[in-house]
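Close look at the chain arrangement
So you can see what is in the structure, the chains are spelled out below.
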Amino acid sequence: MTGNTRPGGRTARVREAVLQAAGDVLAEHGLAGLDLADVARRAVVGKTTVYRRWGTVAGLVADLLLDMAEQSLPRADTGSLAGDLRANARLVQRTLSDPRQGALFKAVIAAATSDPRTAEALHGFYRTRIREWAPCVDLAAARGEVPAGTDPDEVIRAVSAPLYYRLLASGDPVDEAAADTAATAAVAAARAGAFVR
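Residues numbered from 1 in each chain as written. Predicted model: local features only at pLDDT ≥ 70, side-chain atom pairs only at ≥ 80, totals over all residues. Heavy atoms only, no water.

Some remarks on the overall build of the protein
- In terms of helices and strands, the protein carries ten helices and zero strands.
- Taken from the N to the C terminus, the helices and strands of the protein come in the order α-α-α-α-α-α-α-α-α-α.
- Over its C-alpha atoms, taken along the principal directions, the protein stretches across nearly 55 × 40 × 25 Å.
- Here the protein holds 197 residues, and 42% of them are scored as buried.
- Contacts in the protein between residues at least 24 apart in sequence constitute 66% of all its contacts with a sequence separation of at least 6.
- Total accessible area on the protein is roughly 10,100 Å²; 53% of this is exposed by carbon and sulfur atoms.
- In the protein, which carries 24 positive and 23 negative side-chain charges, the distance between the mean positions of the two groups comes to 5 Å. (Helix = DSSP H or I, 4+ residues; strand = E, 2+ residues; numbered from the N terminus. Buried < 20%, exposed > 50% of the residue type's maximum accessible area, 1.4 Å probe, protein only. Contact = heavy atoms within 4.5 Å. Areas by Shrake-Rupley, 256 points an atom, 1.4 Å probe, with all protein chains shown as cover. Lys, Arg positive; Asp, Glu negative; His and termini not counted. Charge placed at Lys NZ, Arg CZ, Asp CG, Glu CD.)

Overview of the pattern of salt bridges
- On inspection of all chains with the given rule, the structure shows eleven salt bridges.
- With a shortest N-O distance of 3.5 Å, R15 and D67 are connected by a salt bridge. Here D67 lies in helix α4 (residues 57-71) and R15 lies in helix α1 (residues 10-29), a separation of 52 residues in the sequence. The two residues R15 and D67 agree in class, both being buried.
- Between R42 and E28 there is a salt bridge, with the nearest N and O atoms lying 2.8 Å from each other. Placement of R42 in helix α2 (residues 36-43) and of E28 in helix α1 is noted, with a sequence separation of 14 residues between them.
- Assessed through its relative accessible area of 31%, R42 is described here as partly exposed.
- Note on E28: relative accessible area 48%, which makes it partly exposed.
- Because the salt bridges share partners, they merge into one network encompassing E28, D38, R41 and R42. (Salt bridge = Lys/Arg side-chain N within 4 Å of Asp/Glu carboxyl O.)

Focus on the nonpolar core
- By size, the foremost hydrophobic cluster in this structure holds 58 residues, and its most contacted members are V18, L81, L85 and L163.
- Residues in contact with L85, not counting those within four places in the same chain, are C136, V155, I156, V159, A183, A186 and V187. (Core = buried A, V, L, I, M, F, W, Y, C linked by side-chain atoms within 4.5 Å.)

A closer look at unusual backbone geometry
- In this structure, V44 takes a positive phi of about 60° despite not being glycine.
- Tracing the backbone through its elements, the reader meets V44 in the loop between α2 and α3 (47-54).

A word on the UniProt feature "DNA-binding region" (unreviewed entry) in the protein
- Sites flagged by UniProt as "DNA-binding region" (unreviewed entry) map to residues 35-54.
- As annotated, residues 35-54 has a helix share of 80% and a strand share of 0%, and its two end C-alpha atoms lie 12 Å apart. (UniProt positions renumbered as here; feature names shortened; annotations may be inferred.)

Quick notes on the layout of surface pockets
- By volume, the largest pocket amounts to about 930 Å³.
- Forming the walls of the largest pocket are 39 residues, and the residues nearest its centre are M68, S72, F105, F125 and R129.
- Sort the elements by how many residues they give to the lining of the largest pocket and helix α7 (residues 116-133) lands first, with seven residues.
- By residue class, the composition of the lining of the largest pocket is 18 nonpolar, nine polar and twelve charged. (1 Å grid on protein atoms, 1.4 Å probe; cavity = no way out; pocket = protein on both sides within 12 Å on 5 of 7 lines; lining within 4 Å. Points joined across faces, edges and corners; volume = space filled by probe spheres on them. Nonpolar A, V, L, I, M, F, W, Y, C, P; charged D, E, K, R; others polar.)

Looking at the packing of α7 against helix α8 (residues 135-143)
- Running from amino to carboxyl end, α7 crosses α8 at an angle of 30°, the nearest separation of the two axes being 5 Å. By the criterion of interaxial angle, the relationship of α7 to α8 is roughly parallel. Residues R131, E132 and W133 of α7 lie in contact with α8, whose contacting residues are P135, C136 and V137.
- When grouped by side-chain class, the residues that make up the contact of α7 with α8 number four nonpolar, no polar and two charged. (Axes fitted to C-alpha atoms, helices over the stretch in contact; angles between N-to-C directions. Parallel < 35°, antiparallel > 145°, perpendicular 65-115°, else oblique.)

Written out as structure tokens, the structure reads:
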């Protein structure tokens, strides 16, 4: 069956092993330390398999980000915007404060500043995550919690931006208190009409 992959088949197992190894290398050494031959060795697969499937480091990072977006937990539906945004903020907080995931995101974000293909993949990752969570804002507008015309994408960005700032710029803890504050601030701004298009 040329061109098809079987979920759970050898192709899926190879991809999982290679992406795990790539994430480990990124978390440990950053993009500069990511070498396809080393990833193949760590994943216990042939180098030709890695080179044939991903071709370049940028191609491998792009697939890793796609996989991360696909594997991320689905959107919560708590019945209120405050509850939904708190759930989103806590998910982002847990991800960024995880030793492996936080280091991986730092490496990918740093690489995206100088590598257009990595930047494109990172942007795709965030578009996917925003699309997953944006409906909670639409539901809040339908319930009358926020003004009609509130831009859902901007509300979701407002939740995670302070957490990424802590991770990348200030070095302040990315903890549950910070997550709750980010969610509360985004809810207040949305209710005040700050994100109306």
